Amino acid sequence: MIIAIDGPAAAGKGTLAERLAAHYGLPYLDTGLLYRAIGRRMADAGADLDDPAAAGAFARALAPEHLGGDLRGREAGDLASRVAVHPPVREALVAFQRAFAARPGGAVLDGRDIGTVICPDADVKLYVTASAEVRARRRTDELLAKGRAVDYDRILAEVRERDARDSGRVVAPLRPADDAVVIDTSDLDRDGAFAAACAAVDARR
Ligand code: C5P
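Here goes a summary of the coordinates provided. In this text, all values refer to a predicted model and were calculated from it rather than measured experimentally.

The subject of this paragraph is the site of the ligand. As a matter of local geometry, the ligand sits amid 14 residues, with Arg-36, Arg-90, Arg-162, Asp-166 and Arg-169 nearest to it. A distance of 2.6 Å is found between an oxygen atom of the ligand and a side-chain nitrogen or oxygen belonging to Arg-36. Within the side chain of Arg-112, a nitrogen or oxygen atom sits 2.9 Å from an oxygen atom of the ligand. Contact with the protein chains covers 95% of the free accessible surface of the ligand, which is 450 Å². Only α2 (32-45), α4 (74-83) and α8 (152-168) provide two or more residues apiece to the shell around the ligand. Each residue belonging to the shell around the ligand can be placed in one class, and the counts come to 3 nonpolar, 4 polar and 7 charged.

And the structure:
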């Protein structure tokens, strides 16, 4: 069983994907990490993130050991969305993601184009979303809980900017697949989102 999960930044996809993977006993691939690692490595090397050919070369050179370290932060997310617009980057990552999805027994993958491009034949497609305000509020609270000084308005602007870049790009833009089950987590807590996702999975099994 292949479960494809897409949606905008900070909608709760990652948490949900991990929980579904544990619940159904499937391996999980956070595909955002691939784009984050490429963006991070290019920035560290002083390379031009807006150069499609250079970004493609970094994508083709990506190796498992590049996926460790601190890639979860906002800066890496922003770098990721800049390199993710380039077709050579996306092409370089297709085979790895499809091979992961083709594991015996299946897999859970989350990202922006899993249901539309990477796994168009996935058994279950979920599109996890929430209003930009709710996502910015959650991210702000997460950072505050870590003792970081953050400004909600700035986070909201970042969320909107990333949405615009991910949805507006020409190649593999963020959008729900036609057959995706949309889960809006604006008014759902984690357990509510998990229950909605399990209901969608169980209905298609
Ligand atoms: O999901 P995450 O926030 O880690 O993704 C970081 C960025 O990587 C996204 O904003 C998006 O631009 C890009 N991405 C993508 N396709 C994916 C996963 C991530 O374009 N499948």
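Throughout the structure, instances matching the rule amount to 16 salt bridges. Asp-78 is the salt-bridge partner of Arg-165, the closest N and O atoms lying 3.3 Å from each other. Here Asp-78 lies in helix α4 and Arg-165 lies in helix α8, a separation of 87 residues in the sequence. Residue classification places Arg-165 among the partly exposed positions, given a relative accessible area of 21%. Its salt-bridge partner being Arg-137, residue Asp-141 comes within 3.4 Å of it at the nearest N-O pair. With a gap of 4 residues between them, Asp-141 and Arg-137 both fall in helix α7 (residues 132-145), about one helical turn apart. A relative accessible area of 39% places Asp-141 in the partly exposed class. On the basis of relative accessible area, Arg-137 is assigned to the partly exposed category, the value being 38%. One network of salt bridges, with partners in common, ties together Arg-40, Asp-44 and Glu-75.

Rules and cut-offs
- Residues numbered from 1 in each chain as written.
- Predicted model: local features only at pLDDT ≥ 70, side-chain atom pairs only at ≥ 80, totals over all residues.
- Heavy atoms only, no water.
- Near = heavy atom within 4 Å.
- Polar contact = N/O pair within 3.5 Å; in protein donor to acceptor, adjacent residues only side chain to side chain.
- Areas by Shrake-Rupley, 256 points an atom, 1.4 Å probe, with all protein chains shown as cover.
- Helix = DSSP H or I, 4+ residues; strand = E, 2+ residues; numbered from the N terminus.
- Nonpolar A, V, L, I, M, F, W, Y, C, P; charged D, E, K, R; others polar.
- Salt bridge = Lys/Arg side-chain N within 4 Å of Asp/Glu carboxyl O.
- Buried < 20%, exposed > 50% of the residue type's maximum accessible area, 1.4 Å probe, protein only.

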